[in-house]
Amino acid sequence: MASLLPIIDDILPMILPSSVSVTRKSDIIPPIPPVIPTTTADGEKGSHRVRVYSRDAVVNKLDKVCSTVLILSPDSYSTVRHHGEQDAIIYVASGNGVLLTAPKDEGGEPERHELGQGDFAAVPAWTEYQALNESAEQDTHWVIIRSGSHPVEVHLKGWGRGKAEYPPSRA
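About the thresholds
- Residues numbered from 1 in each chain as written.
- Predicted model: local features only at pLDDT ≥ 70, side-chain atom pairs only at ≥ 80, totals over all residues.
- Heavy atoms only, no water.
- Pairing = 2+ DSSP bridges.
- Helix = DSSP H or I, 4+ residues; strand = E, 2+ residues; numbered from the N terminus.
- Polar contact = N/O pair within 3.5 Å; in protein donor to acceptor, adjacent residues only side chain to side chain.
- Core = buried A, V, L, I, M, F, W, Y, C linked by side-chain atoms within 4.5 Å.
- Buried < 20%, exposed > 50% of the residue type's maximum accessible area, 1.4 Å probe, protein only.
- Contact = heavy atoms within 4.5 Å.
- Patch = residues over 30% accessible without salt bridge, like charges linked within 9 Å, V, L, I, M, F, W, Y side chains within 5 Å.
- Areas by Shrake-Rupley, 256 points an atom, 1.4 Å probe, with all protein chains shown as cover.
- Salt bridge = Lys/Arg side-chain N within 4 Å of Asp/Glu carboxyl O.
- Axes fitted to C-alpha atoms, helices over the stretch in contact; angles between N-to-C directions.

**Student:** Could you give an account of the pairing of strand 3 (residues 52-58), naming the residues involved and the relevant values?
**Tutor:** Bridging between strand 3 and strand 4 (residues 65-72) involves six bridges; their strand directions are antiparallel. Looking across to strand 4, one finds that Val52 is bridged to Leu72. Between strand 3 and strand 4, which follow one another and run antiparallel, lie six residues, and Asn60 among them has a positive phi close to 60°.

Now the structure itself:
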């Protein structure tokens, strides 16, 4: 019976129905940047534009891969984060940005990786990183493709769970 298992793995995709799933741009990227209503301690109503946001693109559609879109407004930065045991590939779909990764030495500066439209970055599992958009005018859109059917995103308070500098230095 054990000798039939490889054959079954080859035949099942031919027998079982499968379908292609399409996610439209309009379902991922809002037509205008999202605005969040706020209330001050004095009770005054206001609002602010979301500077960094992540949207599901392909999630829970495939067993071994998923993707999200990370959008950074001008002069904004994400939290320090990692994707747990998921490997990730980052593709810069538009704009320019900086991928900061954890310092190699205790107390050292994060490593800077300049990324432009069309660039890819391979981010191994458990790698801490921070996304920056240093442009004063243009959003940057990053497509993050991860191993696993749904995204794992762990937001940290800083590098190595320490305190991160907000905003990060631009040295």
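**Student:** An account of the environment of Tyr129 is requested, with residue identities and associated values reported.
**Tutor:** Following the sequence through the fold, Tyr129 ends up in strand 11 (residues 129-133). The sequence separation of Tyr129 and Ser78 amounts to 51 residues, and the corresponding C-alpha distance is 9.0 Å. A polar side-chain atom of Tyr129 sits 2.8 Å from a polar atom in the side chain of His83.

**Student:** A description of the nonpolar core should follow, citing residues and the corresponding values.
**Tutor:** Ranked by internal contacts, the top residues of the largest apolar core, which has 13 residues, are Ile90, Leu99 and Trp142. Top element by residues in this core is strand 7 (residues 88-94). It accounts for three residues. Once residues within four sequence positions are removed from consideration, Trp142 is found in contact with Thr68, Val69, Leu70, Ile90, Tyr91, Val92, Gly97, Val98, Leu99, Leu115, Ala131 and Leu132. Of all hydrophobic cores here, the second largest spans six residues; its members include Leu100, Leu132, Leu156 and Trp159.

**Student:** A description of a nonpolar patch on the surface should follow, citing residues and the corresponding values.
**Tutor:** A contiguous nonpolar surface patch, about 420 Å² in accessible area, is contributed by Leu62, Val65, Ile89, Phe120 and Ile145. According to the relative accessible area criterion, Leu62 is partly exposed, its value standing at 45%.

**Student:** With reference to specific residues and values, describe the sheet that holds strand 10 (residues 120-123).
**Tutor:** Across the sheet, which stays open at both edges, the five strands sit in the order 3-4-12-7-10 with antiparallel pairing between neighbours. Each edge of the sheet is formed by a strand with only one pairing partner; in this case those strands are strand 3 and strand 10. Strand-to-strand, the axes of this sheet are offset by a mean angle of 25°, without reference to chain direction.

**Student:** So what's going on with unusual backbone geometry? Which residues, and what values?
**Tutor:** Here Asn60, not a glycine, exhibits a phi torsion of approximately 60°, which is positive. Inspection of the secondary structure assignment puts Asn60 in the loop between strand 3 and strand 4. Take Asn60: its relative accessible area is 56%, and that puts it in the exposed class. Within the chain, Asp75 stands out as a residue other than glycine whose phi angle is a positive 50°.

**Student:** I'd like a rundown of the side chain of Asn133, residues and numbers included.
**Tutor:** With respect to the helices, strands and loops of the structure, Asn133 is situated in strand 11. Reaching out from Asn133, the side chain makes a polar contact with the backbone oxygen of Ser73 at a distance of 3.2 Å.

**Student:** How would you summarise the pairing of strand 12 (residues 140-147) if you had to cite specific residues and measurements?
**Tutor:** For strand 4 and strand 12, the ladder comprises eight bridges, and the chain directions are antiparallel. Across the sheet, residue Leu72 finds its bridge partner in strand 12, namely Thr140. Pairing between strand 7 and strand 12: six bridges, direction antiparallel. By the bridge assignment, Ala88 is partnered in strand 12 with Arg146.

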